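# Chain and residue survey
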Amino acid sequence: MTKYLRYLIALALVAGWAAVPYLLPGRLSIFVTILIYAPIVIGLSMLAGYAGQASLGQAAFFGTGAYVNGVLVSQYGANPWMAGIVAIAASGLLAYIVGGPVLMLRGHYLVIATLGFNIIVEVFAKQLRGLTGGNSGLPGITSLELGAYEGDVFYYYAAGLLTIAAVLLSRNLIQSRFGRALQAIETSETAAATLSIRSAHYKNLVFVWSALLAGAAGVLYSGWVSFISPSTFGLSFSVVLLTMAVVGGIASIPGALLGTALLELLREELKNAPGWLGGGSPESEIVVFGVLLVLIVMFAPEGLWPKLSKLVPALPPTGGERSSEPGELVFDRGDESSAVLTTGGLTRRFGGLIAVKNVDLEAGPGRILAVIGPNGAGKTTLLNLMSGVLTPTAGHIGVAGRSVAGTPAHRIASRGVARSWQTPRLFSLLNVLNNVKVGVHRHGRAGLVRCALTLARSEEQRIEAQALAALDLVGILDKADNRVTSLSFGAQRLVELARALASGPRLLLLDEPASGLTSTERDQLVALIKRVRSEGVAVVLVEHNVDLVMNLADEILVLHHGEVLARGTPNEIKANPSVIAAYLGKAGDRNPAAPVARSGDPLLSVERLNSGYGPIRVLHDVSMQVHSGEVVAVLGRNGAGKTTLMKAITGFIKCKGRVRLNEVVITGRAPEVVTALGLSLVPERRQLLESMTVRDHLELGAYPRRKSASRAGIFADIDRCYELFPILREKDREIARSLSGGQQQMLAIARALMARPKMLLLDEPLLGLAPRVVEDILDTITQLRGEGIGVVVVEQNVGAVLPVVDRAYVLENGRVVLSDSAAVLMGSTELEAAFLGRDLSGGNGVQPGIAASERKEG
Amino acid sequence: MYAGWFNQPPPEGESQLELGQQLSQLIATGITTGAIYALLGLGLTLTYSTTRVVNVAIGEFATIGALSAVSMYRAGLPLAVALAGAVVLGALIAGIMYGLTIRPGQRKGAGLLSLLIVTIAIHLVLKGVALILWGTRSYNLPAFTQGEPVRILNAVITRQSLWIVGVTALIVIALYYFFSRTLLGKALRASAVNVVGSRLMGIPVYRMGFLAFALSGALAAAGGVLITPDTLATYDMGLLLGLKGFVGAVIGRLSSYPMTVAGCLLLGLLESLSAGLLPSGYRDAVAFGVLIAILIYRALPALRHGVLAAEEAHD
């Protein structure tokens, strides 16, 4: 039914368009202008909206079309029809040549480069006077005509046909394999590459497409006005074009039409505006355009059309009329006996840090290889190397017997390697089904032309059948038409999984697929991975949930500091003491501090805190108290919500609930205010000012006290910091980047102390530090406790930290599951279970402290 | 036909300058132009590093500074007062721009591209306002000191050029002192280096953004008034001036102040020397050709490290 309604609306629009010359003959020129600009704006919408490549150089292609046509016709007396075709081709060719290098740039660098390109083209139009007439312009361009149609009427219909063609072809493109690739690139070139999309190719072609439309518009424009001059095609016109696209809605074809029409009519009206508005003056519209652009970007960043179309509920989105049924997923199969993936000596350096070091592994068909390891062990980097989104510094990677190290990600993907991401990277412009169709990209062949002309219907049906099959396999076929942004986190994971499976990969790389899932979803996931294994797919699984890994894996590889610490079957890994130590850390020689009974009001009080990121809730009703002079640990495995808790307390993310510091409510205050109120955070990864000196850090650490404290007082405090960490005194004038990890951690703590906090939060202060430095930091914590400061330590290294704390809270899935004194927790099997899963810790209750001492003896 | 493509304008003045003399003249001009670019480039680097916004509108502060200085001077104010007033006005408008648009935009989580578009829009608004207030005429200011041009190494240099280079040098020194010796300057640097780290130290980074914009407005206005005696001021002179400053700042990677100054001087020299080879109309093409080439050259290494590295290198 709605299909016919669509046709009716389209028919009415076309009839209305055809009738304008008869109904409004006096105002035809404004319509011609709108219809000439519309194709350029549609092209810009494709380029900037759908493909995410914003350009301020579209006027240059408009000008190229106009000038090539004008010069050929008026200087060389060419046939106007032939000249027009040559001019359009010239615009496309220019875009092809310029696009290759320029589209390597991203974001605002791309905008600035295209802007520069526009200025260069304008300079040439002005300077090649012999050809273009320079600033005085190029007159005498013969107009096109066809039989009785000439002048405004001819150009009205010609521009109208061009606009209709631009609308139809662009719409076809958007709904095709080509357009899906563009919309994938818009969100993430990296994710697109892992689905075998070569983004440079698609970006360049859509650039050419936008230039062809602009060039064609230029040809019509130059014939219509028969006189052109450089100023028409300058940067300011590119700005006008971008304004039109943004006002209407940058990723929308109807929006492009709406924006063009609105702004052109507005321009026309402004010419008759009163003088105080600058009416009648040549560039009077720019103030209004500018204000309009600011208002739109600030208050309706998606543009007007998306807002308007919500008001018209009559038309449901297309896609309800699906022709295909779920097909069958066919997985790539090679030789059943040989490895699908092998790596040898695989290494990746980031500056001084070796994230992955000499990793050898093998993944066979129909087997699940799990990679586990504590935070920062290099697991994700390993997946990034195997999927090719990062190039290895050294080493070898083979996929199905062919070497792929150094090969671009899209080519590795086309060999049948698919992956998921730690946080799903779904393409937000595409619905669920289309996201999954992008997964089938590598099985399609249709290019720009076949897609624009819908000549690839049977291929499209095959792609759809395969995408539906993947959705069916994952169990979310009913969500096919949903927008991905409206899905829950768990559902987003499943969509991404379906997308990875849709191509029928031979190797599936999964990065923490279970994190953030509910227990039902997790069970579904386990069943699914088993199913995929039974299809003969090789699976590499990075996962923190040890229960799940033990349940699924055929083989386990344990990474620690980027190196392989252990490998073997789940049972072998369970029995390996060094694995347990890597997870829990080892206890030092300290005796636990005697617990002190606290009374009175707490210094820091967290009450029923709920927080998260967007739709994802991480913290659930977390409550905790810290008294002055007390050290409290927050423990829990990766993803338990520890860092999120720190961010919520210090005001970096929004939260519900209440946080009080000394009876002052600090919930919802900005981080800098929280610091000034006496709560300092030493964050994960330290967040130092890399290019500034040690002394700068300490001076700035006292920034909140700049009005109350004397210079001498601040210097005295700096001296105290240097007494606490003597090594920093020697490094006084050195920049933070040049310090070792341990020194950086000391500086981060010293900097926080400079604000004279009442309460100090330390997030993973021991991560990656040498044992001796760990001792130093632990001593400092003990010392601070003696000075009456309240301290919270978030740590994975439980063994090291428990002896210096009074109490601990254990987080699991964003909830406090355990809280007790350190002495009690040290022997607790509950604690181990929270870290390692019930399975690994088993019933035998290996205590971290005991495990360590046994090793010492052995 | 083809020979006519490059219609060389007739050489001006003494046509038979010696090569050496011509060269030193070109270098002197290049340094003067580069000094002006440096003022705008420093402003851009300042706002980019503190707020991550590329401020396309920065040239408008030069325009408004120059034109308002002309108006104040013509209204009878002493030249020095008019100049100071213009600089203060530039700072004020830039600060208001940040407070009214950039800051609310960032609060709402607007992307970098949206904010770039906002600054383009502000460029349009300010240019339009200048058009309404001052029209399309060119305006002049007297040179800051009267007198004959001086000769340095065969180059004839106007006194105003000496003012331009001298004032720019003083500003660079003052900025150096501000950023390396004062707590406020260090706080501003800190918020440019690491926003999270700075907020943890209690530095109000958004107030620092305001300060950065105001400073950049003052720098641009100073640039605007400095060149007016030599080149005349018009309502539409801002955009290109700002973009040239941007080219220089990009050469300095938009992060280092000394490199920005060096980049801007280099651009000034390049433009000036290219005028010896190409008709002067190609000056802008040279500048932006250099910009595009540098941007692409810089994008290449990230590509070698894989698509993820290339995508992340951008932020």
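The rules behind these values
Residues numbered from 1 in each chain as written. Chains lettered and ligands numbered in written order. Predicted model: local features only at pLDDT ≥ 70, side-chain atom pairs only at ≥ 80, totals over all residues. Heavy atoms only, no water. Salt bridge = Lys/Arg side-chain N within 4 Å of Asp/Glu carboxyl O. Helix = DSSP H or I, 4+ residues; strand = E, 2+ residues; numbered from the N terminus. Buried < 20%, exposed > 50% of the residue type's maximum accessible area, 1.4 Å probe, protein only. Axes fitted to C-alpha atoms, helices over the stretch in contact; angles between N-to-C directions. Parallel < 35°, antiparallel > 145°, perpendicular 65-115°, else oblique. Left-handed = near helix turned anticlockwise from the far one by under 90°. Nonpolar A, V, L, I, M, F, W, Y, C, P; charged D, E, K, R; others polar. Contact = heavy atoms within 4.5 Å. Buried area = accessible area lost by both parts, 1.4 Å probe. Polar contact = N/O pair within 3.5 Å; in protein donor to acceptor, adjacent residues only side chain to side chain. Core = buried A, V, L, I, M, F, W, Y, C linked by side-chain atoms within 4.5 Å. Phe/Tyr/Trp six-rings, centres within 6.5 Å; stacked < 30°, edge-to-face > 60°. Pairing = 2+ DSSP bridges. Domains from an automatic or database assignment.

### Notes on the pattern of salt bridges
Pairs can form between side chains of opposite charge once their charged atoms are near each other. Residue and element names in this part refer to chain A. Inspection of every chain in the model, using the stated rule, returns 33 salt bridges over all chains. The partner of Lys437 in a salt bridge is Glu464, and the shortest N-O contact between them spans 2.9 Å. Note that Lys437 is positioned in helix 17 (residues 432-439) and Glu464 in helix 19 (residues 457-474), a separation of 27 residues in sequence. Given the relative accessible area of 10%, Glu464 is considered buried.

### Examining the packing of helix 2 (residues 28-50) of chain A against helix 7 (residues 151-174) of chain A
All names here are of chain A. For the pair helix 2 and helix 7, interaxial distance at closest approach is 8 Å and the crossing angle is 20 degrees. As judged from the angle between their axes, helix 2 and helix 7 are roughly parallel. Of the two possible hands of crossing, helix 2 and helix 7 adopt the one that is left-handed. Here the contact of helix 2 with helix 7 is built from residues that sort into 19 nonpolar, 4 polar and 1 charged.

### Describing the interface of chain B and chain A
The interface of chain B with chain A comprises 79 residues on the first partner and 77 residues on the second. Summed over both partners, the interface of chain B with chain A buries about 6800 Å², with 74% contributed by carbon and sulfur atoms. In this assembly, chain B and chain A are joined by 4 salt bridges. If you look at where chain B meets chain A, you find 12 residue pairs in polar contact (both at pLDDT 80 or more). Where the side of chain B that touches chain A is concerned, the elements lending two or more residues are helix 3 (79-107), helix 4 (112-134), helix 6 (183-193), helix 7 (195-200), helix 8 (205-231), helix 9 (238-251), helix 11 (283-304) and helix 12 (307-313) of chain B. Counting residues per element, the side of chain B that touches chain A draws most heavily on helix 4 of chain B, at 16 residues. Looking at the side of chain B that touches chain A residue by residue, the classes come out as 55 nonpolar, 15 polar and 9 charged.

### Structural notes on unusual backbone geometry
Residues and elements named next belong to chain A. A positive phi angle is found at Asn662, which is not glycine, with a value near 55 degrees. Along the chain, the position of Asn662 falls in the loop between strand 14 (655-661) and strand 15 (664-665). Judged by its relative accessible area of 39%, Asn662 falls in the partly exposed class.

### Here's the deal with the nonpolar core
All names here are of chain A. Within the largest apolar cluster, 238 residues are counted, with the highest numbers of intra-cluster contacts made by Ile36 and Val540. For this core, the element with the most residues is helix 10 (residues 199-225), which contributes 14 residues. In contact with Ile36, not counting residues within four places along its chain, are Phe62, Ala159, Ala217, Leu220, Tyr221 and Trp224. Among the nonpolar cores identified, the runner-up in size contains 48 residues, and Ile749, Leu760, Val793 and Val805 belong to it.

### Overview of the side chain of Thr51(B)
All names here are of chain B. Summarising the element assignment, Thr51 is placed in helix 1 (residues 19-51). Residue class for Thr51 comes out buried when judged on its relative accessible area of 6%. Thr51 has contacts with Tyr98, Gln106, Gly209 and Phe213, leaving out every residue within four places of it along the chain.

### Describing the packing of aromatic side chains
All names here are of chain A. Evaluation of the coordinates by the stated rule reveals 21 aromatic pairs over all chains. Both rings, one in Trp17 and one in Tyr157, keep their centres 5.4 Å apart while their planes meet at 85 degrees; by these two values the pair is edge-to-face. Taken together, the residues span a long stretch of sequence, with Trp17 in helix 1 (residues 2-23) and Tyr157 in helix 7 at a distance of 140 residues. A relative accessible area of 15% places Tyr157 in the buried class. With 5.3 Å between their ring centres and 55 degrees between their planes, Phe62 and Tyr221 make a pair best called tilted. A residue pair is termed long-range when its members are at least 10 positions apart, and Phe62 in helix 3 (residues 58-75) and Tyr221 in helix 10 qualify at 159 residues.

### Some thoughts on the environment of Phe288(B)
Checked against the element boundaries, Phe288(B) lands in helix 11. For the pair formed by Phe288(B) and Ser191(B), sequence separation is 97 residues and the distance between their alpha carbons is 30 Å. In this structure Phe288(B) touches Leu115(A), Gly116(A), Ile119(A), Ile120(A), Leu240(B), Leu243(B), Lys244(B) and Val247(B), once residues within four positions along its chain are discounted.

### Brief notes about the sheet that holds strand 14 of chain A
All names here are of chain A. One open sheet holds the 4 strands; their spatial order is 12-11-14-15, and the pairing between them is antiparallel. Of all strands in the sheet, those bounded by a partner on one side alone are strand 12 (616-626) and strand 15. Bridge analysis of strand 11 (residues 604-613) against strand 12 gives 7 bridges, and the strand direction is antiparallel. Among the inter-strand pairings, Tyr613 is bridged to a residue of strand 12, identified as Ile616. Here helix 25 (residues 642-649) sits on the sheet and contacts strand 11, strand 12 and strand 14; the angle it forms with strand 11, its principal contact strand, is near 110 degrees.

### Structural notes on the domain arrangement of chain A
Residue and element names in this part refer to chain A. Along its sequence, chain A is carved into domain 1 (28-311), domain 2 (332-407 + 505-586), domain 3 (417-504), domain 4 (596-678 + 757-838) and domain 5 (687-756). When each unit is reduced to the centre of its C-alpha atoms, the spacing between domain 1 and domain 3 is 31 Å. Taken residue by residue, the interface counts 26 residues in domain 1 and 28 residues in domain 3. Sorting the residues of domain 1 by area buried against domain 3 places Arg177, Arg180 and Leu195 first, and these three jointly supply 35% of that buried surface. A salt bridge links Glu460 to Arg180, with the shortest nitrogen-to-oxygen separation between them at 2.9 Å. The tally of links between domain 1 and domain 3 comes to 7 residue pairs in polar contact (both at pLDDT 80 or more).

### Let's talk about the side chain of Arg660(A)
Examined against the element boundaries, Arg660(A) turns out to sit in strand 14. A distance of 3.2 Å separates the side chain of Arg660(A) from the side chain of Glu663(A), its partner in a polar contact.

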